[in-house]
Amino acid sequence: MNDPGPVGRGELLRSARELLAGGSVLFCGPAGIGKSTLLAALAGADGGGTVLRCAPAESDRRLPFVCLIDLLADVTDDVLARLPAPLRAALEAALLRGEHPTSDQSRLGVRLAVLQVLQLLSDRAPVTLVIDDLQWVDRPSAEVLAFVARRLTGDRLRVLAAERVPDGEQPLHRNLCPPDVAELPVPPLTPRDVARLLLRDNGVLLPHGSVLQIHQLADGNPFYALELGRAVLRSGVPESPGRPLPVPRRLRALLLDRLGELSERAQATLLLASAATRPSLTLLRAAGRPDAAEDLVAAERCDLAVADDDGIVRFRHPLIRAAIYAEAPSHRRIDAHARLADVVAEPVERARHLALAKPHEDESVAATLMAAAASARRRGAPVTAAELAAMAADRTPWDSQQIRSERRLVAAEHACDAGLRAEARTAAESVLADARCPRLRVRARLVLLRNAGQALHDLGPLIDDGLADAAGDPGLEAPLRMWLAGRALLGGDTVEAVEQAARSAELATLAGDASTAVRALTRLAHLQSLRGDPAARATVAKAIEIVERHPRAESWELERHQAVIELGDDDLQRAERRLLSLLRKVEDTAAVEDTVAIMVTLAEVQSRAGQCRRAVDTAQRAMTLFSEAGISCPPALFAAALAEANGGSVEAATEHAERGARESAADGDQLYLMRNLAVLGQIQLTTGDAAAAVETLCRVSEIGRRMDIRDPAVVRWHADLAEALVATGALEDARELIDLTSRQALDFGRRGVLANLERSAALLAVATGLPNDGVARLRAVADGQVGLDRARTLVALAGVERRCRRRAAARAALSEAYDICVAISATPWADRVREELDRTGAQSRADHAVALTVAEQRVAELVRAGSTNREVAAVLFISVKTVEATLSRIYRKVGVRSRTELVRAMDVPVPEARRPEPEPLRSQAV
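Let us now look at the overall build of the protein chain. When helices and strands are tallied, the protein chain shows 46 helices and seven strands. For the protein chain, the C-alpha atoms occupy an extent of roughly 100 × 85 × 50 Å along the three principal directions. The buried share of the protein chain, taken over its 926 residues, is 57%. Sequence-distant contacts, at least 24 apart, represent 67% of the contacts inside the protein chain between residues at least 6 apart. Surface exposure of the protein chain reaches about 39600 Å², of which carbon and sulfur atoms provide 50%.

Rendered as structure tokens:
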């Protein structure tokens, strides 16, 4: 079985191998960042040549020539015998085989001897000196290495080294390597990499919230992350978000080895700073530490913490702060929080300190925490709100069991809003286990249903049990019926979904629950639209009427649905304005899934409107929200696939669409299975694989038939399938599809769908032997289109003109299509059209000579900024394999062979035509 290598370091290793092939490499970074692991991976993978190693410890610095002894331990006597006698004697003395070299002449002899040994070895095979922890090399050995390094020549002698360097500082021992050594800082791991590292280490997938805490506390340091992860597994995952993670004693001893040098007073000051959210000298003095400035000077000397020019206290590493807090006895921590609770003015922070100062049942403290949780949630901080509500539940007296359950349920709801699935599930399940009140039990089940995302197919029993708890109470039954409607929709049963949504609206109206009534009516209108029921607009009007009577009713879903209606009507500008306004309105209050739902619709609108860069940005933001929450989201994957297919990278679009289809199928979500497959089929068609497109889009057709989706604007696949059928010779099937869908589009007034179908009909005419008729129809279609739809039609027109040997007309159509694609940043289309233009030898009116596409520019810019392939993949939500393929294309275009040459040789230009300024999107996590 192949060794998968260090987690998150694949690109760094590849860069190092490239550099090492022709020179030397120095890894630098703080302790525990993984430098030794990288050295071992590189040195172990070097199949040929001689590898000489040393890895000194701090205690070795006082031992003369100990590093030299380690380096030359495997050098055989026959090599030493070839040295001149004086040099051999000097070297043997240094290696403790003779008298210790003390004179200047004998020390020079050692240096010359080592240089000659390395040159002799390199005559046989390349030689690599692997030196770990340069900072601990003893001085005599360092002098020899510095002498040798300046004289190493050629690519047969190289150094692979690592040096411990604090963040933000430069290596101090670079002189022990050749002058042209390449410095490679080892960056922190990303949260995803930390999750993979912990999974590889112990085989347990920790909750995403715990992984984020570990990553934040370890600051991406793999050694610290592993120690923290093991400690979490030993002590148990914290039950609520925000709880301090356990810091193992080994880490405390490592980080706090100099804490004992401080006075007891200074240690107490550091403890107070570690307990504060925003420690400052002013705060510490107010909390009873008048000599805080003096104490921080002492802490700085011990490399623990420092007070900056503004009086803000900063610890050298987040883990030092946590270790100081964990090392203190509990009574001192309680005292620190009590002092801070007396002086902190901010309500949320004060409530937290008050709770930690009184870690026992206390109703007044619990009530204060609940008020602070509500304040935090109003300010758009659901994670903090969940933490405070969980603390409130813990401090609620046991004789108030119902209040305790209610507070734990509030914590579950806030955690669900924040996307903390594991924490939300644990809290909701504890309420289900303890609560006897039907209202609380139904609310707990609603949290578990929200927490399931799109995966509702196995949750029928959860809803049924909730209906039993509701026992005919319309206020409790209404939201459960709405979830039944959602479950039926995802399963493809739109008839059942309509019945349940209508029943939910009736019950909510009866109960006087305006918010649930509006949501149920919105869902009902959506379902009616899918099935082509003209009652949909009346249902929307009814929901709007309720909002007008009850302005405080939650109505974001209704507004989003109105944008969906406008999207279907091709009123794209109005839809975008509505969605942007809605995002700004809900940014502080919406849950993660709500914000993402708005962004998914917005990305679809922007893609249709030809705002390709904006669509890519919006989709990436939606992906980021769910990535940070550790949640799979087929709707976000659909948006990303659609946006990338039009304005980004074909490889990324294919990845997202395939993954979205897989995850939709696993969740039993037929609607987004259909949508992701529709994008995948479009990609297959436009990249020339018409047979695959037919297979994929026929699956889409079958799902749509089973779901009884009649409006062809809901999922726009019909024209693509018709075109693919024409390309594969299934002309009668294409004709039948075009005729049927055209009638439906006319019934619904879908002008955009009709225009694209007319393009397919024109291609069908060409395939049946009527090329001139096809040309006339394509020109007529193009005249009524704008943006990408017009560009696609022009590309089709160019193909027909070329078949008719009207090359000038073909070039003109391609030229105009290319100009359109560049203007709207439709990168994949611009690439394809440019290839066609290159074959015809034509130039477009746009900047046809630009070397890189927009997608390639994004990758190149990140690489130039120092990002590894894995980091680029994380930022752009694509795979490392896709990044590698994109880089290969960039190398070919620019004429380089490695990322190092790319960084040196290139300044990536971005044409003005491809850089429309995006309207800013604001949301709570953006």
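From this point, the discussion proceeds with the structure in view.
Right, let's talk about the side chain of Asn-221 for a bit. Counting through the fold element by element, Asn-221 comes out in the loop between helix H9 (208–218) and helix H10 (222–235). Residue classification places Asn-221 among the buried residues on the basis of a relative accessible area of 3%.

We now examine unusual backbone geometry. If you check the backbone angles, Phe-65 has positive phi at about 65° while not being a glycine. The phi angle at Asp-570 is positive, at roughly 65°, despite the residue not being glycine. Mapped onto the secondary structure, Asp-570 falls in the loop between helix H28 (556–568) and helix H29 (572–586).

Further remarks concern the sheet that holds strand E5 (residues 182–185). Taken in spatial order, the five strands make up an open sheet running E2-E3-E4-E1-E5, and their pairing is parallel. Two strands in the sheet have a free side with no partner beyond their single neighbour: strand E2 (50–54) and E5. Averaged over all neighbouring strand pairs, the angle between strand axes comes to 15°, with direction disregarded. When strand E3 (residues 127–131) meets strand E4 (residues 157–164), the two strands line up parallel, connected through five bridges. Paired with Leu-129 across the bridge in E4 is Val-159.

With that out of the way, let us pick up the packing of H28 against helix H30 (residues 592–608). The contact between H28 and H30 brings their axes to 11 Å, and the two run at 15°. In terms of orientation, H28 lies roughly parallel with respect to H30. Viewed along their axes, H28 and H30 form a crossing whose handedness is left-handed. Contact residues: H28 offers Trp-556, Arg-560, Val-564 and Leu-567, while H30 offers Asp-594, Ala-597, Ile-598, Thr-601, Glu-604, Val-605 and Arg-608. In terms of residue class, the contact of H28 with H30 is made up of six nonpolar, one polar and four charged.

Considering all chains together, one arrives at two aromatic pairs under this definition. Each ring, one from Phe-223 and one from Tyr-224, has its centre 5.9 Å from the other, and the planes form 55°; the classification is tilted. Judged by relative accessible area, which is 28%, Phe-223 ranks as partly exposed. Among the residues examined, Tyr-224 registers a relative accessible area of 8% and is labelled buried. Taking NZ or CZ as reference, Arg-333 lies 5.3 Å from the ring centre of Tyr-325, over its face. Directly above the ring of Trp-398 sits Arg-404, whose terminal nitrogen or CZ lies 3.9 Å from the centroid.

With 18 residues, helix H37 (residues 731–748) should reach 26 Å at 1.5 Å per residue; the first-to-last C-alpha distance of 26 Å fits that figure. All of the buried residues along H37 are Ala-734, Leu-737, Ile-738, Thr-741, Ser-742 and Ala-745. On an axial view of H37, the arc spanned by its buried residues comes to 130°, and they lie on one face. Among the exposed residues of H37, those pointing more than 90 degrees away from its buried face are Glu-732, Glu-736, Arg-743, Leu-746 and Asp-747.

Time to look at the nonpolar core. Val-596 and Trp-717 are the most contacted members of the largest nonpolar core, which has 125 residues in total. Take this core: its biggest share by element is 10 residues, from helix H34 (residues 670–686). Beyond its immediate stretch of four places on either side in the chain, Trp-717 contacts Met-674, Ala-678, Leu-697, Val-700, Ser-701 and Leu-737. Within the second largest apolar cluster, 52 residues are counted, among which are Leu-255, Leu-256, Leu-270 and Val-344.

The next subject is the pairing of strand E1 (residues 25–29). Judged by how many residues are buried, E1 sits mostly within the fold: five of five residues are covered. Burial of E1 is two-sided: the residues Val-25, Phe-27 and Gly-29 facing one way and the residues Leu-26 and Cys-28 facing the other way are all buried. Bridge count for E1 against E4 is five bridges, and the pairing is parallel. Considered in E4, the bridge of Cys-28 is made with Glu-163. As judged from the four bridges shared by E1 and E5, these two strands associate in the parallel manner. Bridge pairing in E5 links Val-25 to Ala-182.

Moving on, we come to the environment of Phe-27. With respect to the helices and strands, Phe-27 occurs in strand E1. For Phe-27, a relative accessible area of 0% corresponds to the buried category. Along the primary structure Phe-27 and Phe-223 are separated by 196 residues, whereas in three dimensions their C-alpha atoms are 16 Å apart. Excluding anything up to four places from it in sequence, Phe-27 contacts Leu-12, Ala-16, Lys-35, Leu-38, Leu-39, Leu-42, Leu-160, Ala-161, Ala-162, Glu-163, Leu-184 and Val-186.

Let us look at the packing of H30 against helix H32 (residues 634–647). Between H30 and H32, the least distance of the axes is 9 Å, while the angle of their chain directions is 20°. In terms of axis orientation, H30 runs roughly parallel to H32. Between H30 and H32 lies a crossing of left-handed hand. Where H30 abuts H32, its residues Val-596, Val-600, Ala-603, Glu-604 and Ser-607 lie against Pro-635, Ala-636, Phe-638, Ala-639, Leu-642, Ala-643 and Asn-646. Residues of the contact of H30 with H32, tallied by class, amount to nine nonpolar, two polar and one charged.

With 15 residues, H29 should reach 21 Å at 1.5 Å per residue; the first-to-last C-alpha distance of 21 Å fits that figure. Buried within H29 are the following residues: Leu-572, Ala-575, Glu-576, Leu-579, Leu-580, Leu-582, Leu-583 and Val-586. For H29, the angular spread of the buried residues around the axis is 160°, confining them to a single face. Along H29, the residues that are exposed and aim more than 90 degrees away from the buried face are Gln-573, Arg-577 and Lys-585.

Under the counting rule described, the total for this entry stands at 59 salt bridges. Between Arg-792 and Glu-723 there is a salt bridge, with the nearest N and O atoms lying 3.8 Å from each other. Of this pair, Arg-792 sits in helix H40 (residues 787–803) while Glu-723 sits in helix H36 (residues 718–727), and the two are 69 residues apart along the sequence. For the residue pair Arg-792 and Glu-723, the accessibility class agrees, reading buried in each case.

Below, the discussion takes up the environment of Leu-108. With respect to the helices and strands, Leu-108 occurs in helix H6 (residues 104–124). C-alpha separation for the pair Leu-108 and Leu-91, spaced 17 residues apart in sequence, amounts to 9.9 Å.

Once that is clear, we can look at the confidence of the model for the protein chain. Caution applies to low-pLDDT parts of the model: their predicted coordinates are not meant to be read in detail. Model confidence for the protein chain is summarised by a mean pLDDT of 85, while 91% of its residues fall at 70 or above. Within the model, pLDDT remains below 50 along residues 843–851, and this stretch shows 25 contacts once partners closer than five positions in the same chain are excluded.

Here we come to the state of the cysteines. Per the stated rule, a full pass over the model turns up zero disulfides. In this structure Cys-67 is not part of a disulfide, and its nearest cysteine sulfur, from Cys-54, lies 4.5 Å away. Cys-177 takes part in no disulfide bond, and the closest cysteine sulfur, belonging to Cys-28, lies 10 Å away. Given the relative accessible area of 3%, Cys-177 is considered buried.

How each quantity is defined
Residues numbered from 1 in each chain as written. Predicted model: local features only at pLDDT ≥ 70, side-chain atom pairs only at ≥ 80, totals over all residues. Heavy atoms only, no water. Helix = DSSP H or I, 4+ residues; strand = E, 2+ residues; numbered from the N terminus. Buried < 20%, exposed > 50% of the residue type's maximum accessible area, 1.4 Å probe, protein only. Contact = heavy atoms within 4.5 Å. Areas by Shrake-Rupley, 256 points an atom, 1.4 Å probe, with all protein chains shown as cover. Pairing = 2+ DSSP bridges. Axes fitted to C-alpha atoms, helices over the stretch in contact; angles between N-to-C directions. Parallel < 35°, antiparallel > 145°, perpendicular 65-115°, else oblique. Left-handed = near helix turned anticlockwise from the far one by under 90°. Nonpolar A, V, L, I, M, F, W, Y, C, P; charged D, E, K, R; others polar. Phe/Tyr/Trp six-rings, centres within 6.5 Å; stacked < 30°, edge-to-face > 60°. Lys NZ or Arg CZ within 6 Å of the ring centre and 35° of its normal. Expected span 1.5 Å × (residues − 1). Arc of directions from axis to C-beta. Core = buried A, V, L, I, M, F, W, Y, C linked by side-chain atoms within 4.5 Å. Salt bridge = Lys/Arg side-chain N within 4 Å of Asp/Glu carboxyl O. pLDDT = per-residue confidence, 0-100. Disulfide = S-S within 2.5 Å.

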